[in-house]
Amino acid sequence: MAFSIRTDLASEARELQPELSGVYEESQQTGDITCTRIRIETEAAAKALGKGKGNYITLEAPRLLQRQGEAFREASNALAKELLRLMDGCGPCESVLVIGLGNRAVTPDSLGPRVAEAVCVTRHIKQYLPDVLPKPVRAVSAVAPGVLGITGVETLEIVKGIAAHCKPDLIIAVDALASRRTERISTALQLSDAGICPGAGVGNARQGLTKETLGVPVIALGVPLVVYASTISRDTIGLIAGEMGLEGQEEQLKTLAEKLIAEHTGELIVTPKEIDSILSDMTRILADGINMALFGADYETVRTLIA
């Protein structure tokens, strides 16, 4: 059994096929944050990369590993800026539904539900207490629908039902992602207007949340929090082969390592031992970025009112 290299990041899929046509790519450095924008333009390119057609934005901020407040603020500001780009055309008073994907009881999979809890929700205030708002603000609602193994209901079915009642103009879906590089865990953020397929990062893909399935634009937002052990072994063997002059045997060694993993341990998904603190940091960064994008200059007022 051979494992394919699994990643949710379009930038990493692109790294594996840099000459593939039908893909537009640009990178921009702002301070300590690298922003890579990829647009998959053709069906052939989408199939080759294993991603839907659309725009994918990756923000890489290595300084997040230092857990400094300034780095957190810079990441949140960059996220808000790129989210607003993808929200272009969504008016300041149009409604937004935030969906927190994942399992709240499994730490590395709980990013979505935690962010949904931290987003400022205003739909109920606009509906029942409109006079307390200083001026018209966006109606925001948030929900964590759980996972199929707990609810017995497909995530898409739940979101469809909520969307049919709330009638949002835009859906933002937040989920934990898988990377092929350990150094990108908790230091990279990805946004996409191509929607998201819950569970894809851990090989358990469900029905996708997309504009086609939900009838409104869907922006996916996520942070890589896990990496496959087989991917780590492939990268490690590649480094060893390079150091020992065994480039000609590299693929044979990688195949052997994959076979041993399959026979003795099965596919393992790895997350850092500091996952609890990482999760707290990333929840704060994502929630602040989303709130700033949704409320703009009114964010502090809304936060004070809700608190």
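For clarity, every value in this text was computed on a predicted model and none was experimentally measured.

Caption draft 1: Region of the structure containing the environment of E117. Residue placement: E117 occurs in helix α4 (residues 111-118). With a relative accessible area of 56%, E117 lands in the exposed category. Linking E117 and V98, residues 19 residues apart in sequence, is a C-alpha distance of 9.8 Å. A polar contact of 3.3 Å, which involves the side chain of E117, links it to the side chain of R104.

Caption draft 2: Inspection of the pattern of salt bridges at higher detail. Considering all chains together, one arrives at 14 salt bridges under this definition. Where R184 meets E12, a salt bridge forms, and the shortest distance between an N and an O atom there is 2.8 Å. Highlighted residues: R184 in the loop between β6 (170-179) and β7 (188-192) and E12 in helix α1 (residues 10-16), separated in sequence by 172 residues. Overall, E12 belongs to the buried group, its relative accessible area being 0%. Linking R63 and E74 is a salt bridge whose minimum nitrogen-to-oxygen distance equals 3.5 Å. Taken together, the positions of R63 in the loop between β3 (54-60) and α3 (69-86) and E74 in helix α3 put the pair eleven residues apart, joining distant regions of the chain. R63 sits in the buried class, given a relative accessible area of 18%. It is possible to trace a salt-bridge network through shared partners that takes in E12, E15, E60, R180 and R184.

Caption draft 3: Highlighting the layout of surface pockets. The space that makes up the second largest pocket amounts to roughly 190 Å³. Taken together, 15 residues make up the lining of the second largest pocket; nearest its centre are T30, I33, A78, K81 and E82. Ranked by residues supplied to the lining of the second largest pocket, first place goes to α3 with six residues. For the lining of the second largest pocket, the residue count by class is four nonpolar, five polar and six charged.

Caption draft 4: Just empty space enclosed by the protein, in detail. Overall, the coordinates contain one cavity of 30 Å³ or more when judged by the stated rule. Estimated volume of the largest cavity: approximately 30 Å³. Residue lining of the largest cavity: D32, I33, A61, R63, L64, A71, E74 and A75, and that is the complete set. Among the elements that make up the lining of the largest cavity, the one with the highest residue count is α3 (three residues). Grouping the amino acids of the lining of the largest cavity by side-chain chemistry returns five nonpolar, no polar and three charged.

Caption draft 5: Highlighting unusual backbone geometry. Positive phi is not limited to glycine here, since K167 has a value of about 55°. Topologically, K167 is positioned in the loop between α7 (155-166) and β6. One non-glycine residue, S186, adopts positive backbone phi at about 70°. Overall, the relative accessible area of 5% leaves S186 in the buried class.

Conventions and cut-offs
By convention here, each chain's residues receive numbers from 1 onward along its written sequence. Totals for whole chains, interfaces and linings use every residue, but because this is a predicted model, local features are given only for residues with pLDDT of at least 70 and side-chain atom pairs only at 80 or more, for both listing and counting. For side-chain calculations, the full set of non-hydrogen atoms in the structure is used, while hydrogens and water are omitted. Secondary structure follows DSSP: runs of H or I at least 4 residues long count as helices, runs of E at least 2 residues long count as strands, and numbering of each begins at the N terminus. For every residue, the accessible area (1.4 Å probe, protein chains only) is compared with the maximum for its type, and the residue is labelled buried under 20%, exposed over 50%, or partly exposed between those bounds. For this analysis, a polar contact is any N or O atom pair within 3.5 Å, provided that within protein one partner can donate a hydrogen and the other can accept it, and provided that sequence-adjacent residues contribute only side-chain to side-chain pairs. Salt bridge criterion: a side-chain nitrogen from Lys or Arg within 4 Å of a carboxyl oxygen from Asp or Glu. The rule is simple: put a 1 Å grid over the protein atoms alone, call a set of points where a 1.4 Å probe fits but cannot get out a cavity, call an open set with protein on both sides within 12 Å along at least five of seven lines a pocket, and count a residue as lining if it has an atom within 4 Å of a point. Grid points are joined across faces, edges and corners, and a volume is the space filled by probe spheres set on the points. Any residue that is not Ala, Val, Leu, Ile, Met, Phe, Trp, Tyr, Cys, Pro, Asp, Glu, Lys or Arg is counted as polar, Gly included; the first ten are nonpolar and the last four charged.

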